[in-house]
Amino acid sequence: MKILAFGASNSANSINKKLATYATTFFDKEEIEIIDLNDFEMPLFSVDKEASLGYPPEAIQFTEMISKADLLILSMAEHNGTYTTAFKNIFDWASRIQPKTFQNKPMLLLATSPGVRGGKGVLEAAKTRFPFHAANILETFSLPEFNKNFDNKEGIIETSLRQQFLDIITSIKTNMAN
Ligand SMILES: Cc1cc2nc3c(=O)[nH]c(=O)nc-3n(C[C@H](O)[C@H](O)[C@H](O)COP(=O)(O)O)c2cc1C
């Protein structure tokens, strides 16, 4: 089972990349590819650039990486209640190459932020929108107050949130095994 994971952010110290990476630690190492959105920086999407430049190679690569994955783990960073510009740009380009952007791949959809809502706004936006792009969302999870509830070595340290997360991982594994 191949897993493609990323934080939907281009921050060098992305807490969402940390959460997505943490989720991958519950799966076999050789199956995991963690990408950084900085490696997928492209011109800001516009229909004019699309007409004049065509599809950027990074967008084609991103789409191909999804096609090769068996499970997608995305952790959504929230900027002003919704997607980061970095993610939205990749999403827009990729959706032009493949409107079924997530290609019916099973998805674990996460979000975290330093605030008490834990990125619930962007999580809700993604949960509502992604199925229109053939996302097969198996589970969602939001981690509030990242800096309080997450330790770089231990992962999620708050007991009930940790248990909730572990239950979700178990559910994903059961689903993937069937
Ligand atoms: C432009 C901007 C807007 C933000 N808006 C929100 C927001 O609406 N809700 C929220 O919980 N955090 C917001 N934040 C704080 C982010 O959650 C925080 O920067 C977090 O680290 C982003 O995730 P990342 O580290 O994975 O990039 C915002 C941060 C920036 C820079």
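Residues numbered from 1 in each chain as written. Predicted model: local features only at pLDDT ≥ 70, side-chain atom pairs only at ≥ 80, totals over all residues. Heavy atoms only, no water.

Enquirer: Break down the nonpolar core for me, citing the residues and quoting the values.
Expert: Leu74, Met76, Phe87, Phe102 and Phe130 are the most contacted members of the largest nonpolar core, which totals 30 residues. Sorting the residues of this core by element identifies β1 (3-8), α3 (57-68), β3 (71-76), α4 (85-97), β4 (106-112) and α5 (120-129) as the ones contributing at least two each. Each residue touching Leu74, except ones within four places of it in the same chain, is listed here: Phe6, Phe87, Phe102, Met107, Leu108, Leu109, Leu110 and Phe130. Counting 23 residues, the second-largest nonpolar core is a separate cluster that includes Tyr22, Phe27, Phe150 and Phe165. (Core = buried A, V, L, I, M, F, W, Y, C linked by side-chain atoms within 4.5 Å. Buried < 20%, exposed > 50% of the residue type's maximum accessible area, 1.4 Å probe, protein only. Helix = DSSP H or I, 4+ residues; strand = E, 2+ residues; numbered from the N terminus. Contact = heavy atoms within 4.5 Å.)

Enquirer: An account of the pairing of β3 is needed here, citing residue identities and associated values.
Expert: Burial analysis of β3 places 6 of its 6 residues in the buried class, the great majority of the element. Examined bridge by bridge, β1 and β3 share 6 bridges and lie parallel to one another. Of the residues in β3, the one forming a bridge with Ile3 is Leu71. Bridging between β3 and β4 involves 5 bridges; their strand directions are parallel. Bridge assignment links Met76 to a residue of β4, and that residue is Ala111. Where the polypeptide runs from β3 across α4 and back to β4, its parallel neighbour, the crossover connection is right-handed. (Pairing = 2+ DSSP bridges. Right-handed = clockwise from strand over helix to strand, strands pointing away.)

Enquirer: Please provide a residue-by-residue account of the site of the ligand, values included.
Expert: Taken together, the neighbourhood of the ligand is formed by Ser9, Ser11, Ser14, Ile15, Asn16, Ala77, Glu78, His79, Asn80, Gly81, Ser113 and Pro114. Separating a nitrogen atom of the ligand from a backbone N or O atom of Asn80 is a distance of 2.8 Å. When the ligand sits alone it has 620 Å² of accessible area, and the protein chains cover 64% of it. In terms of residue class, the shell around the ligand is made up of 3 nonpolar, 8 polar and 1 charged. (Near = heavy atom within 4 Å. Polar contact = N/O pair within 3.5 Å; in protein donor to acceptor, adjacent residues only side chain to side chain. Areas by Shrake-Rupley, 256 points an atom, 1.4 Å probe, with all protein chains shown as cover. Nonpolar A, V, L, I, M, F, W, Y, C, P; charged D, E, K, R; others polar.)

Enquirer: How would you summarise the packing of aromatic side chains if you had to cite specific residues and measurements?
Expert: Applying the stated criterion across every chain yields a total of 18 aromatic pairs. Between Phe6 and Phe62, the ring centres sit 5.7 Å apart and the planes meet at 65°, which makes this aromatic pair edge-to-face. In this pair, Phe6 sits in strand β1 while Phe62 sits in helix α3, placing the two residues 56 residues apart along the sequence. Taking relative accessible area as the criterion, Phe6 reaches 1% and is therefore assigned buried. Centroid distance Phe91 to Phe102: 5.8 Å. Interplanar angle 35°. Geometry classified as tilted. (Phe/Tyr/Trp six-rings, centres within 6.5 Å; stacked < 30°, edge-to-face > 60°.)

Enquirer: Residue-level account of α4, with values.
Expert: With 13 residues, α4 extends 19 Å from end C-alpha to end C-alpha; this agrees with the ideal 18 Å at 1.5 Å per step. Every buried residue of α4 is listed here: Ala86, Phe87, Asn89, Ile90, Phe91, Trp93, Ala94 and Ser95. Buried positions along α4 lie against β1, α2 (47-53), α3, β3 and α5. (Expected span 1.5 Å × (residues − 1).)

Enquirer: Break down the sheet that holds strand β2 (residues 32-34) for me, with residues and values.
Expert: One open sheet holds the 5 strands; their spatial order is β2-β1-β3-β4-β5, and the pairing between them is parallel. Every other strand in the sheet has two partners, leaving β2 and β5 (136-143) as the edge strands with one partner each. Geometrically, the sheet is characterised by an average inter-axis angle of 15° between neighbouring strands, direction not taken into account. The sheet contacts of helix α7 (residues 159-177) involve β3, β4 and β5, and relative to β5 the element is tilted by about 170°. (Axes fitted to C-alpha atoms, helices over the stretch in contact; angles between N-to-C directions.)

Enquirer: Residue-level account of unusual backbone geometry, with values.
Expert: In the Ramachandran plot, Asn80 falls in the positive-phi region, its phi being about 50° despite a non-glycine side chain. Residue position: Asn80 is located in the loop between β3 and α4. When its relative accessible area of 84% is taken as the criterion, Asn80 is described as exposed. Phi is positive for Glu145, close to 45°, though the residue is something other than glycine.

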